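# Per-entry structural report
Given next are the chains, with one letter for each unit.
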Amino acid sequence: MEQTTQQTDLVKTEQTNIDEEFHPNIVALVCNWCTYTAADLAGVTRLKYPAEIRIIRLMCTGMIDPRFIVESFLRGADGVFIGGCHPGDCHYINGNLKARLRIDGLKALLQGMGIEPERLALHWIGASEGTEFQKQVKDFVEEIKKLGPSGFEILDSI
Amino acid sequence: MDKSFAMLKTNNQPNRILSQALGRLLDKGLVSGVMAPGITKGSGLPMPMLFTRDEAMQSSIPLAPAAGVSAAVQAARIGRKVKDKRLAVVLKPCEVRGVVELAKLNQTSLESLAIISMECPGRMENDAYLAKLAASPDLPDLYLNDSSLQDQACSTCLSCDAFEPEGADITIHLFGLLVMEHIGISGMTAIGKELIEAMDLEKLGTAPDQRGALSRLRDKRGRAKEELFQKTSEILKNPDQYLEVLGNCLGCFNCRTACPLCYCRECVCARESFDRDLDDVSSRAKKTGQVRMPAGLSMFHMTRMVHMSHACVGCGQCSSYCPSKIPVADLFRTMGQNVQKTLNYSPGRNPEEPIPFLRFKTEAGS
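Owing to the predicted nature of the structure, the values given are computational and were not obtained by experimental measurement.

Calculation notes
- Residues numbered from 1 in each chain as written.
- Chains lettered and ligands numbered in written order.
- Predicted model: local features only at pLDDT ≥ 70, side-chain atom pairs only at ≥ 80, totals over all residues.
- Heavy atoms only, no water.
- Helix = DSSP H or I, 4+ residues; strand = E, 2+ residues; numbered from the N terminus.
- Contact = heavy atoms within 4.5 Å.
- Areas by Shrake-Rupley, 256 points an atom, 1.4 Å probe, with all protein chains shown as cover.
- Expected span 1.5 Å × (residues − 1).
- Buried < 20%, exposed > 50% of the residue type's maximum accessible area, 1.4 Å probe, protein only.
- Patch = residues over 30% accessible without salt bridge, like charges linked within 9 Å, V, L, I, M, F, W, Y side chains within 5 Å.
- Salt bridge = Lys/Arg side-chain N within 4 Å of Asp/Glu carboxyl O.
- Lys, Arg positive; Asp, Glu negative; His and termini not counted.
- Charge placed at Lys NZ, Arg CZ, Asp CG, Glu CD.
- Pairing = 2+ DSSP bridges.
- Axes fitted to C-alpha atoms, helices over the stretch in contact; angles between N-to-C directions.
- Buried area = accessible area lost by both parts, 1.4 Å probe.
- Nonpolar A, V, L, I, M, F, W, Y, C, P; charged D, E, K, R; others polar.
- Polar contact = N/O pair within 3.5 Å; in protein donor to acceptor, adjacent residues only side chain to side chain.
- Right-handed = clockwise from strand over helix to strand, strands pointing away.
- Phe/Tyr/Trp six-rings, centres within 6.5 Å; stacked < 30°, edge-to-face > 60°.

Right, let's get into the overall build of chain A. Regarding its fold elements, chain A presents five helices and four strands. The N-to-C order of helical and strand elements in chain A reads α-β-α-β-α-β-α-β-α. For chain A, the proportion of contacts with a sequence separation of at least 24, taken over those separated by at least 6, is 82%. Only carbon and sulfur atoms are counted for the fraction: they give 53% of the accessible area of chain A, which is about 7200 Å².

A word on helix 15 (residues 328-343) of chain B. Helix length check: helix 15 of chain B, at 16 residues, gives a terminal C-alpha distance of 22 Å against a target of 22 Å (1.5 Å per residue), a fit within 8%. Along helix 15 of chain B, the residues that are buried comprise Val328, Ala329, Asp330, Leu331, Phe332, Arg333, Thr334, Met335, Gly336, Val339, Gln340 and Leu343 of chain B. Those residues of helix 15 of chain B that are buried lie in contact with helix 4 (95-112) of chain A together with helix 7 (155-158), helix 9 (211-237), helix 10 (239-246), helix 13 (297-308) and helix 14 (317-321) of chain B. After helix 15 of chain B finishes, the residue Asn344 of chain B shows a positive phi value of roughly 50°.

Residue and element names in this part refer to chain B. On the surface, a cluster of positive charge is made up of Arg77, Arg80, Lys81, Lys83 and Arg265. Looking at the secondary structure, you find Arg265 in the loop between helix 11 (254-258) and helix 12 (278-284). For Arg265, a relative accessible area of 75% gives the class exposed.

Residues and elements named next belong to chain B. Strand order in the open sheet made by the seven strands is 1-7-6-5-4-2-3, with mixed pairing throughout. The sheet terminates laterally at strand 1 (5-9) and strand 3 (47-51), the two strands that pair on one side only. Within this sheet the neighbouring strands show an average axis-to-axis angle of 20°, counted without direction. Both strand 1 and strand 7 (residues 182-187) contribute to a ladder of five bridges, which runs antiparallel. Each bridged residue has a counterpart across the sheet, and for Lys9 the counterpart in strand 7 is His182. Sheet strands touched by helix 2 (residues 71-79): strand 2 (33-38), strand 3, strand 4 (87-91) and strand 5 (113-118). Its angle to strand 4, the strand with the most contacts, is close to 170°. Running at roughly 150° to strand 5, helix 3 (residues 93-104) makes contact with strand 4 and strand 5 of the sheet.

A few words on the interface of chain B and chain A. At the interface, 40 residues of chain B touch 30 residues of chain A. The contact between chain B and chain A buries some 3100 Å² in all, and 68% of this surface belongs to carbon and sulfur atoms. Per-residue buried area on chain B facing chain A is highest for Met299, Met302 and Phe360 of chain B; these three make up 20% of the total on that side. Across the contact surface, chain B and chain A share two salt bridges. One salt bridge connects Glu71 of chain A with Arg284 of chain B, and the closest N-O pair in it is separated by 3.9 Å. Mapped onto the side of chain B that touches chain A, the elements with two or more residues apiece are helix 9, helix 10, helix 12, helix 13 and helix 15 of chain B. The element best represented in the side of chain B that touches chain A is helix 13 of chain B, accounting for seven residues. The class makeup of the residues in the side of chain B that touches chain A is 19 nonpolar, 13 polar and eight charged.

Turning to the environment of Ile56 of chain A, a few remarks are in order. All names here are of chain A. As for its position among the elements, Ile56 is in strand 2 (residues 53-58). By relative accessible area, which is 40% here, Ile56 ends up partly exposed. Along the sequence, Ile56 and Ile82 sit 26 residues apart, while their C-alpha atoms lie 9.7 Å from each other. Other than its neighbours up to four places away in sequence, Ile56 contacts Val27, Ala28, Leu29 and Val30.

Residue and element names in this part refer to chain B. Along strand 6 (residues 170-173), one buried face is formed by Ile170 and Ile172 and the opposite face, lined by Thr171 and His173, is buried too. In this structure, strand 5 lies alongside strand 6, joined through three bridges in parallel fashion. Looking at the pairing, Met118 lines up with Ile172 of strand 6. Pairing analysis gives four bridges linking strand 6 to strand 7, with the strands arranged antiparallel. Bridging across to strand 7, Thr171 finds its partner in Ser186.

All names here are of chain A. One can find Asn32 in the loop between strand 1 (26-31) and helix 2 (35-44). Judged by its relative accessible area of 14%, Asn32 falls in the buried class. In terms of polar contacts, Asn32 uses its side chain to reach the side chain of Arg57, at 3.1 Å.

On to the pairing of strand 2 of chain A. For a regular strand, side-chain orientation follows a simple rule: the groups alternate between the two sheet faces. Residue and element names in this part refer to chain A. Bridging between strand 1 and strand 2 involves six bridges; their strand directions are parallel. Counted as the bridge partner of Ala28 is Ile55 from strand 2. What joins strand 1 to strand 2 is helix 2, and the crossover it makes is right-handed.

Every buried residue of helix 2 of chain B is listed here: Ala71, Ala72, Val73, Ala75, Ala76 and Gly79 of chain B. Tucked into the core, helix 2 of chain B has its buried residues touching strand 2, strand 3, strand 4, helix 3 and strand 5 of chain B.

Take a nonpolar patch on the surface next. The grouping of Trp33, Met59, Met63, Phe68 and Tyr92 of chain A at the surface amounts to a nonpolar patch, some 450 Å² of accessible area in total. Following the sequence through the fold, Met63 of chain A ends up in the loop between strand 2 and helix 3 (66-74).

It is worth spelling out the packing of aromatic side chains at this point. All names here are of chain A. Scanning all chains against the criterion turns up seven aromatic pairs over all chains. Here Tyr49 and Phe133 contribute two aromatic rings whose centre-to-centre distance is 5.1 Å and whose plane-to-plane angle is 90°, an arrangement assigned as edge-to-face. Residue Tyr49 is found in the loop between helix 2 and strand 2, and its partner Phe133 is found in helix 5 (residues 130-147); the two are separated by 84 residues along the sequence. You can call Tyr49 buried: its relative accessible area is 8%. The class for Phe133 is buried, based on a relative accessible area of 0%.

Take it as geometry only, folks, not as evidence of what the structure does.
Shown next as structure tokens:
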């Protein structure tokens, strides 16, 4: 609930342009079994985390098509946060390991396109690690704020 | 003496002599067919052709310095349904890499093919080739002997240092030889060696030392490649330059059609997620109040970049097909180098080497 209110507030500030501070757009792709549950846990334990993050729940990080990430950046994301189960804990045996490899490749690609690889983060956050989720999200948002807008959106003009 | 090496006397006609030699594969019933570049009546453009009778082989130009389309796709397609006898395919080294990658993607079977490839002097763009051919009909032979003609190859070939075939069963040797007098042919694998022996070719001398000629060319093309990659990686990193290069894209998808590795029957870029309806297009116009159409071409190019970066074999057909002359291949090859280095993978090098994304480590760790 708190989170929803914060997000509504953010939308308001964007619209009225009162707030001059840079609020990055961050897309979080998290797996249903671990990191989403951790986010949920963070919510019920009333752990505050930045509202700049937009969570998208997926069944597994293994289903993340690199295009999801590329499209996020093209449509204005300043960072993409991916959270999955610890290696060995994947609900689908090895989806998270497949994700890790794809993301390694994609980071090289993004770097070649002039995007800082730090804008794409992959973290293993288990279902019981609400505080870890809070910490990682906070750190990531801080990092993106330091990096500033990605500017990748301009490529979407063709 | 090495039985699987033969020097062929060429009498100023290396293409004709080689096609006669390959005709023996059919004559002796060693293969069910030979796929090689050839010309049809009325057209001078070499296209992949399947020969099933040795007398027909005279219209083939196995060492043609042009390729209307990538023969890799055609070889893969007909290689799928080979029954008892092998099928011989004459491919350029980049096309060999393409076939190997397609085999890894379960699109063909390498067991059914006998791959014949050559030390590749490069191919010319189709229009340049046809223009030159009109003036000198012997171009396919002259090209092999004339480095100034070879410098007129397409830009991809001029910056390609992977011109020696890897994974071919039979290799045609050209560099460092007086090709108007003789060319070399040798078996590289057990199958290749067997075929060469069975072809029963007239042998002249032993394998020559080509190391000097090959390493000189490798250096020359390697330098050109470094230069090109340097220039292209600047373009990729700079949004303004990137838009300048890709801004003329018409969205015709020719690059996708030309690509030997775009094997999907239904391309993801043709699916609903790429359906740019009014809602989608106007949402793109939100920020600046305008949007170019067809919209979302960057996503198309980035999708291909994601798919190709680990797999691009560097044949350059995408650039050749582009009506807007966008150097798509340069972008893919440059990006490919970054990604392939990270994933420690070289496409088409080794049929045994799995595609990197299937090679995930199973041990724990971050």
